[in-house]
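# Chain and residue survey
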Amino acid sequence: MAMHDERGGAPARLRIAVYDLSGERRGFYTGVGSLDEWHTVTPFSPSGRFFATFVRSVEKGGRIGIVDASTGKIVHRIGKDIHAIAGWYDDEHVIVRRKRSREQVVYQWVPLSGGAGFDLIKERLIPGPAEYEPHLDRVNFVRRG
């Protein structure tokens, strides 16, 4: 997958291209948001049925869209304060990164239904004379078994 950012184009015009293993382009998804290319190991769910995008991104966090890969339609929208898509737990749950305050970043397990999730990792930042950023920049979650 690759983002095709039309210069000056509106978010609804952003396109995500899909390529096969030989490098041949197989199609486009249009108007489904943008990939979280920095944090996500793979945007696809374990079965490959869904993929996750940012449908709205702002400085204080964004909203995730869950796209059905076969139809190209957004089937779920999650959150409004998500800073990163950290991966998938299974086809019904994603792992996201949220910033609770200037002093705390949290990774959460969140159901696609939009219900309450739970915290997996909390990172507390210690403010001081220098500007401190979170130490956990990327976290890879792996299910065994």
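Now for a look at the structure at hand. (Residues numbered from 1 in each chain as written. Predicted model: local features only at pLDDT ≥ 70, side-chain atom pairs only at ≥ 80, totals over all residues. Heavy atoms only, no water.)

With that settled, consider the pairing of strand β8 (residues 104-111). Most of β8 sits inside the fold, with eight of its eight residues counted as buried. The alternating pattern of β8 places Q104, V106, Q108 and V110 and V105, Y107, W109 and P111 on opposite faces, both of which are buried. Note: strand β7 (residues 93-101) against β8, eight bridges, orientation antiparallel. Bridged to V96 within β8 is Q108. (Buried < 20%, exposed > 50% of the residue type's maximum accessible area, 1.4 Å probe, protein only. Helix = DSSP H or I, 4+ residues; strand = E, 2+ residues; numbered from the N terminus. Pairing = 2+ DSSP bridges.)

Positionally, R97 belongs in strand β7. Looking at R97, the relative accessible area reads 13%, which means it is buried. A C-alpha to C-alpha distance of 6.4 Å links R97 and I85, two positions 12 residues apart in sequence.

Bringing the nonpolar core into the picture now. Ranked by internal contacts, the top residues of the largest apolar core, which has 13 residues, are I64, I66, I78, W88 and V94. Take this core: its biggest share by element is four residues, from strand β6 (residues 73-90). Core analysis: the next-biggest nonpolar cluster, separate from the first, contains seven residues, I16, Y29, F51 and A69 among them. (Core = buried A, V, L, I, M, F, W, Y, C linked by side-chain atoms within 4.5 Å.)

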